[in-house]
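# Notes for the structure review
As a plain string of letters, each chain reads:
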Amino acid sequence: MTTFVLLPGAGGDASYWDRVVPLLREAGHQTIAVTLPGDDVTAGLEQYAQLVVDAAQGRPSLALVAQSLGGFTAAMVAERLPVDDLVFVNAMIPLPNETPGEWWGATGAVEAREAAASSGGYGPFDVTTYFLHDVDTAGLTADQHDEAETVFSSRCTFTALPGVPVRVLVGADDRFFPVDFQCRVAAERLGVTADVRPGGHLIALARPQVVADYLLGA
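Residues numbered from 1 in each chain as written. Predicted model: local features only at pLDDT ≥ 70, side-chain atom pairs only at ≥ 80, totals over all residues. Heavy atoms only, no water.

### A few points about the side chain of Glu 98
- Relative to the assigned elements, Glu 98 resides in the loop between strand 4 (83-89) and helix 4 (100-107).
- Given the relative accessible area of 7%, Glu 98 is considered buried.
- Within polar-contact distance, the side chain of Glu 98 engages the backbone nitrogen of Leu 95 at 3.1 Å.
- Among the polar contacts made by the side chain of Glu 98, one reaches the side chain of Arg 189 at a distance of 2.7 Å.
- Excluding anything up to four places from it in sequence, Glu 98 contacts Phe 72, Ile 93, Trp 103, Ala 106, Ser 154, Arg 155, Cys 156 and Arg 189. (Helix = DSSP H or I, 4+ residues; strand = E, 2+ residues; numbered from the N terminus. Buried < 20%, exposed > 50% of the residue type's maximum accessible area, 1.4 Å probe, protein only. Polar contact = N/O pair within 3.5 Å; in protein donor to acceptor, adjacent residues only side chain to side chain. Contact = heavy atoms within 4.5 Å.)

Given below as structure tokens:
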């Protein structure tokens, strides 16, 4: 039995994983979906990481799964807990001591997004076009928190990722972090080939079965 520790992206709302959690539990596994204080101007990556460590410490067979901005927290947690599996899902993959704010320029994320938007003809950023274009919004809560600026200047204080399997799940239809961009970053920063599956940036909401199957190795 695996304990899946599920980290959300910007805003920190663990309800992002609500459609995946039942599928993992039906398969006989435990889940811990951690809410992070994304709207707290006093909290940075250190506080985020400690919350995850406190929530998961002592649980068996940990698989750490991080969406988007959650990748920065996951890198720190993976050095502090005995994880067996680390999965980045449409995630920001950090380098040691990098800040989330620095990541955009270092990876060329904005340029990649703008080039994909121009090619795809879906225009400048807005939430519906970039995040919800493939999501069934029925039943979603409307009180999602905005991410405070604090975390974007917070250092990702890890030395190296642990020597365990590291996987990268990329949504083929992600408009925020385009698929070619994510595959390049995974290769450059982790030396791994990303696994591409159907779905946009919020893939756990759009394609929960796809995500669950991937996490379960199906």
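Let us keep going from here.
### Side note on helix 4
- When we look at burial in helix 4, the residues that qualify are Pro 100, Trp 103, Trp 104 and Thr 107. Axial view of helix 4: buried residues confined to an arc of 100°, hence all on one face. Seen from the buried face of helix 4, the exposed residues on the opposite side, beyond 90 degrees, are Gly 105 and Ala 106.
- Lining the buried residues of helix 4 we find helix 2 (45-56), helix 3 (70-77), helix 5 (109-120) and helix 7 (179-190).
- Backbone geometry just after helix 4 places Gly 108 at a positive phi near 75°. (Arc of directions from axis to C-beta.)

### Notes on the nonpolar core
- In terms of nonpolar packing, the biggest core is built from 71 residues, with Trp 17, Leu 64 and Leu 215 touching the most fellow members.
- The element that contributes the greatest number of residues to this core is helix 2, accounting for 6 residues. (Core = buried A, V, L, I, M, F, W, Y, C linked by side-chain atoms within 4.5 Å.)

### Topic: unusual backbone geometry
- Unlike most non-glycine residues, Ser 68 shows phi in positive territory, near 50°.
- Relative to the helices and strands, Ser 68 is located in the loop between strand 3 (62-67) and helix 3.
- Positive phi, close to 70°, is recorded for Asn 97, a residue that is not glycine.
- Note that Asn 97 resides in the loop between strand 4 and helix 4.
- On the basis of relative accessible area, Asn 97 is assigned to the partly exposed category, the value being 44%.

### A look at empty space enclosed by the protein
- Evaluation of the coordinates by the stated rule reveals 2 cavities of 30 Å³ or more.
- Its volume calculated, the largest cavity comes out at about 60 Å³.
- Along its surface, the largest cavity is lined by Phe 88, Ala 91, Ile 93, Trp 103, Val 168, Phe 177, Phe 181, Gln 182 and Val 185.
- If you tally residues by element for the lining of the largest cavity, the top one is helix 7, at 3 residues. (1 Å grid on protein atoms, 1.4 Å probe; cavity = no way out; pocket = protein on both sides within 12 Å on 5 of 7 lines; lining within 4 Å. Points joined across faces, edges and corners; volume = space filled by probe spheres on them.)

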